[in-house]
Amino acid sequence: MRKKLIAANWKMYKTPDQTREFFREFLPAVSGHDRDEIVVCTPDIDLAAGIEAVKGTQVAVGAQNVHWKTEGAFTGETSTTMLLALGVTHVIIGHSERRQYFCETDDTVNMRLKAALEAGLTPICCVGEVLEEREAGSTDDVLRRQCVRAFHAISAKKAGNLVVAYEPVWAIGTGKTATPEIAAEAHMVIRREAAEIFGEDFAAKLRILYGGSVKPENASVLMAQEEIDGALVGGASLDAKSFAAIVKY
Ligand code: 13P
């Protein structure tokens, strides 16, 4: 049995005050909920406020990106050492918005992933096809390529707490959700590739989340799929009530 992980990706939203306000409402709403693992990935500026707020609860706080070096002359970057010092436990890596707007490549995803695993963080590594790739029938190839490159030179032993998120780019922020069947099919492709790379045992335990217009209204049908091991939620995670409803799908 894979414990589901319900993760919020706040993207570039909320100030520290708004973060505290969110948790004041969200934490009582999910108090005692331990069926699923819960993590809220905030902008770096909100991490300290988030970590302070969740102290003593079962809710974790994650970052949305991390550099591959532990320190150095890299203006504007954040390292695994810095995240760990704050108490961050999870980090999103290779989100499609970083690939699209910030020159993230399969190679930099691989470097970030190695650094996160090395540091003992739980990386949520994002893969997913764009609309043209889906329409051209190349979804499976794209997912396989992204996995092969992201997981390059990482052993099953090192990949321990790796989580993958399947986020079809055409479903992000568009209101278009992949049907549970489309998502499950993509998850199977990813799991098969993970089995090739890390072995069957690892693949059987690997959690693969679905992301792309997850809302309280569609969370339960998506989560009912055996292949879907949780959700990575953007827009609908910004509101405490709506994210709590997704957690309790
Ligand atoms: P939406 O839930 O807003 O579609 O965003 C999905 C996403 O990108 C989560 O990482």
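See above for the structure.
Residues numbered from 1 in each chain as written. Predicted model: local features only at pLDDT ≥ 70, side-chain atom pairs only at ≥ 80, totals over all residues. Heavy atoms only, no water.

**Student:** Kindly report on the sheet that holds strand β8 (residues 230-233), identifying the contributing residues and their values.
**Tutor:** Taken together, the 8 strands give a closed barrel; going around it, the order is β1-β2-β3-β4-β5-β6-β7-β8, and neighbouring strands pair in parallel fashion. Each neighbouring strand pair of the sheet contributes to a mean axis angle of 25°, computed without reference to strand direction. Against the sheet, helix α1 (residues 16-30) touches β2 (37-41) and β3 (59-63), its axis set at about 135° to β3. The sheet contacts of helix α8 (residues 180-198) involve β5 (122-127), β6 (163-166) and β7 (207-211), and relative to β7 the element is tilted by about 145°. (Pairing = 2+ DSSP bridges. Helix = DSSP H or I, 4+ residues; strand = E, 2+ residues; numbered from the N terminus. Axes fitted to C-alpha atoms, helices over the stretch in contact; angles between N-to-C directions. Contact = heavy atoms within 4.5 Å.)

**Student:** Account for the site of the ligand, naming residues and giving values.
**Tutor:** By nearness alone, every residue bordering the ligand is listed as Asn9, Lys11, His95, Glu167, Ala171, Ile172, Gly173, Gly212, Ser213, Leu232, Gly234 and Gly235. Within the backbone of Gly235, one N or O atom sits 2.8 Å away from an oxygen atom of the ligand. In isolation the ligand offers 310 Å² of accessible surface; the protein chains occlude 95% of this area. (Near = heavy atom within 4 Å. Polar contact = N/O pair within 3.5 Å; in protein donor to acceptor, adjacent residues only side chain to side chain. Areas by Shrake-Rupley, 256 points an atom, 1.4 Å probe, with all protein chains shown as cover.)

**Student:** So what about helix α11 (residues 240-247)? Which residues, and what values?
**Tutor:** In terms of residue burial, α11 counts as a mostly covered element, since 6 of its 8 residues are buried. Buried within α11 we find Ala240, Ser242, Phe243, Ala244, Ile246 and Val247. Buried residues along α11 sit against β1 (5-9), α1, β2, α10 (219-223) and β8. (Buried < 20%, exposed > 50% of the residue type's maximum accessible area, 1.4 Å probe, protein only.)

**Student:** Can you tell me about the packing of helix α7 (residues 139-150) against α8, naming the residues and giving the values?
**Tutor:** Each pair of packed helices can be summarised by the angle the axes make with each other and by the distance between the axes. As a packed pair, α7 and α8 sit with axes 9 Å apart at the nearest point and diverge in direction by 40°. Crossing hand, α7 versus α8: right-handed. In contact with Asp140, Leu143, Arg144, Cys147 and Val148 of α7, α8 contributes Ala186, Val189, Ile190, Glu193 and Ile197. Counted by class, the contact of α7 with α8 contains 7 nonpolar, no polar and 3 charged residues. (Left-handed = near helix turned anticlockwise from the far one by under 90°. Nonpolar A, V, L, I, M, F, W, Y, C, P; charged D, E, K, R; others polar.)

**Student:** Can you lay out unusual backbone geometry for me, pointing to particular residues and giving the numbers?
**Tutor:** If you check the backbone angles, Lys11 has positive phi at about 55° while not being a glycine. Note that Lys11 resides in the loop between β1 and α1.

**Student:** Lay out the side chain of Glu129 with the relevant residues and their values.
**Tutor:** Following the sequence through the fold, Glu129 ends up in the loop between β5 and α6 (131-135). Residue Glu129 is classed as buried on the basis of its relative accessible area of 0%. Within the local environment of Glu129, its side chain forms a polar contact with the side chain of Arg134, the two groups lying 2.7 Å apart. For Glu129, the side chain forms a polar contact with the side chain of Tyr166, separated by 2.9 Å. Apart from the residues lying within four places of it in its own chain, the contact partners of Glu129 are Arg134, Thr139, Val142, Leu143, Tyr166, Glu167, Pro168, Val169 and Trp170.

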